[in-house]
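# Structure at a glance
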Amino acid sequence: MEKNTKIYIAGHRGMVGSAIWRALEAKGYTNLIGKTSAELDLKNQVAVSDFFETEKPEVVIDAAARVGGILANNDYPYQFLMENMQIQNNLIDYSLKADVQKFIFLGSSCIYPKLAPQPLKEEYLLTGPLETTNEWYAIAKITGVKACEAIRKQFGKDYISLMPTNLYGTYDNFDLNTSHVLPAMIRKFHEAKVAGEMKGSTCSEPVELWGSGTPMREFLFVEDLADAVVFALENQFQDNLYNVGTGVDLTIKDLAELIQKTVGHTGEIIWDSSKPDGTPRKLMDVSKMTDAGWKAKVGLEEGIKRTYQWFLENQETFKQVKI
Ligand SMILES: NC(=O)c1ccc[n+]([C@@H]2O[C@H](COP(=O)([O-])OP(=O)(O)OC[C@H]3O[C@@H](n4cnc5c(N)ncnc54)[C@H](OP(=O)(O)O)[C@@H]3O)[C@@H](O)[C@H]2O)c1
Ligand SMILES: C[C@@H]1O[C@H](OP(=O)(O)OP(=O)(O)OC[C@H]2O[C@@H](n3cnc4c(=O)[nH]c(N)nc43)[C@H](O)[C@@H]2O)[C@@H](O)[C@H](O)[C@@H]1O
């Protein structure tokens, strides 16, 4: 791909979008465009149409969405369904109308059935009922996958869908109500450690976590995902749907103990069983991406250390997404 190709990164300020922007700049791409949601509300069809008319991007990467953890998805089903359909449908439809040649859509591992066999293969899509806490977001993402598949089939355009597993890293959302588990744990353990130190105690304050701790999750460092997006941009894939992950998972309880050790928290962990566990497991089969020539590089322990370091350096400005 020519380094002066005009590439529009929708959601370029988000955790994923900003990582993709940094990765493309690092590889020498010089013609990147992005708009904040204040500059261009992607839910607004006329505004999106005008944007494509004016900017005429050659490539579009969709990293814009209403995103959140299990509680946000469960508490705001309408926003997670409707906003995500509006955003992606405007981007996909106006990319097609503007003859955009390459489109990369980002979905999520939650598109697969709640109790599908593990690890999850791409062909398990639509073979069973979804997890109820995020079925709204999942249905929106599934329609995005199918829209890109329809464009490949009917118009022969290189529109592909990447399904990342749970992501984390720099510029993540650290709001304790709307975030995902990993950034929430980093913040909770850190603030409980500091609270203990402020009291002059040798023991940290207790930390309250959600659910039972028994579900299993896979975590991919966001810079690895950005690397996978650039890989997909620079290579011609044979299919429309590819899982992107590490192929390794762990229990939420083990994750908590790993983050507790990294942060240096020494107090009690209390599990709030009134909060939902969600999907028991959603480990991705990543063999299609491996066969295509891409593998994740950053291990969980290293990724947590880098994310915690970033959190410490950005105490005043870390993002807290409200809905
Ligand atoms: N985080 C994860 O664990 C995870 C896992 C799998 C897949 N993904 C996917 O990765 C993508 C990005 O996720 P993320 O974690 O980077 O989320 P994020 O940090 O919340 O970023 C979302 C971005 O979308 C933009 N956006 C939201 N609503 C918009 C609107 N109406 N108009 C224009 N822009 C809008 C925001 O723009 P502003 O900042 O300008 O408001 C923000 O930059 C999403 O498609 C998500 O489904 C995320
Ligand atoms: C990738 C994302 O996965 C999401 O599902 P999902 O992994 O359960 O989303 P998370 O919010 O990351 O929760 C993962 C697991 O961690 C538990 N958990 C424990 N303590 C906490 C905490 O303090 N905060 C949070 N957030 N969780 C916590 C939570 O109950 C759940 O079993 C979907 O809802 C999204 O739509 C998206 O697909």
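Since this is a predicted model, take the numbers as computed values, not measurements. Sequence order sets the numbering: in each chain, residues are counted from 1 along the sequence as written. To read the labels, note that chains go from A and ligands from 1, taken in the order they are written. Reporting of local features is limited, given that this is a predicted model, to residues whose pLDDT is at least 70; pairs of side-chain atoms are given and counted only at 80 or more, and all residues count toward the totals for whole chains, interfaces and linings. Values shown for side chains rest on all heavy atoms present in the structure; no hydrogens or waters enter the calculation.

## Some remarks on the site of ligand 1
We call a residue near a molecule or strand as soon as one heavy atom of that residue lies within 4 Å of the molecule or strand. Near ligand 1, the surroundings consist of 26 residues, among which Val16, Ser37, Tyr137, Lys141 and Lys319 are the closest. Within the backbone of Val16, one N or O atom sits 2.8 Å away from an oxygen atom of ligand 1. Any pair of nitrogen or oxygen atoms within 3.5 Å is treated as a polar contact; in protein, a donor-acceptor pairing is required on top of that, and neighbouring residues in sequence qualify only through side-chain atoms on both sides. Within the contact set of ligand 1, a nitrogen atom lies 3.0 Å away from a side-chain nitrogen or oxygen of Asp41. Accessible areas in this description were obtained via Shrake-Rupley with a 1.4 Å probe; residue shielding takes into account the shown protein chains only. Surface burial for ligand 1 is 89%, taken as the share of its 900 Å² of free accessible area covered by protein chains.

## Digging into the site of ligand 2
Around ligand 2, 22 residues are found, and the nearest of them are Ile70, Ser108, Lys188, Pro276 and Asp277. A distance of 2.8 Å is found between an oxygen atom of ligand 2 and a side-chain nitrogen or oxygen belonging to Ser108. Protein contact buries 98% of the 700 Å² of open area that ligand 2 shows by itself. Secondary structure elements are defined from DSSP: runs of H or I of at least 4 residues count as helices, runs of E of at least 2 residues count as strands, and each element is numbered from the N terminus. Those elements giving two or more residues to the shell around ligand 2 turn out to be α3 (70-75), α6 (181-198) and β7 (207-210). Charged means Asp, Glu, Lys or Arg here, nonpolar means Ala, Val, Leu, Ile, Met, Phe, Trp, Tyr, Cys or Pro, and polar covers whatever is left, Gly included. Split by residue class, the shell around ligand 2 holds 10 nonpolar, eight polar and four charged.

## With respect to the UniProt feature "binding site: substrate" (unreviewed entry) in the protein chain
On the UniProt side, "binding site: substrate" (unreviewed entry) is annotated at positions that read Lys188, Trp210, Arg217 and Asp277 here. From this annotated list, the subset lining the second largest pocket comprises Arg217. Mapped onto the fold, Lys188 is located in helix α6. Those residues in contact with Lys188 that lie beyond four places of it in its chain are Leu176, Val207, Glu208, Leu209 and Trp210. Mapped onto the secondary structure, Trp210 falls in strand β7. Any two residues having at least one pair of non-hydrogen atoms within 4.5 Å are treated as being in contact. Contacts of Trp210, omitting those with residues within four sequence positions, involve Ile70, Leu71, Leu176, Asn177, Lys188, Trp271, Asp272 and Lys275. UniProt positions are given in the numbering used here, feature names are shortened, and annotations may be inferred rather than shown by experiment. Both site types are read off a 1 Å grid over the protein atoms alone. A 1.4 Å probe that fits but cannot get out defines a cavity, while an open set with protein on both sides within 12 Å along at least five of seven lines defines a pocket; lining residues have an atom within 4 Å of a point.

## Section: the packing of helix α2 (residues 45-55) against helix α4 (residues 77-97)
Under this scheme, a helix contributes an axis fitted over its contacting stretch, all axes are lines through C-alpha atoms, and angles between N-to-C directions fall in the 0 to 180 degree range. Relative to each other, α2 and α4 sit at 35°, their axes nearing to 10 Å. The handedness of the crossing between α2 and α4 is right-handed. Taken together, the residues of α4 that come into contact with α2 (itself represented by Gln45, Val48, Ser49 and Phe52) are Asn90, Leu91, Tyr94 and Ser95. Considered class by class, the residues forming the contact of α2 with α4 number four nonpolar, four polar and no charged. Crossing handedness is read from the near helix: turned anticlockwise from the far helix by less than a right angle, it gives a left-handed crossing, and turned clockwise, a right-handed one.

## What to know about the layout of surface pockets
Quantified by volume, the second largest pocket comes out at close to 230 Å³. Lining the second largest pocket are 17 residues, with Phe219, Gly245, Thr246, Val248 and Ala296 sitting closest to its centre. Of all the secondary structure elements, the ones that give two or more residues to the lining of the second largest pocket are β8 (216-221), β10 (249-251) and α9 (287-292). In the lining of the second largest pocket, the residues fall into nine nonpolar, four polar and four charged. Grid points are joined across faces, edges and corners, and a volume is the space filled by probe spheres set on the points.

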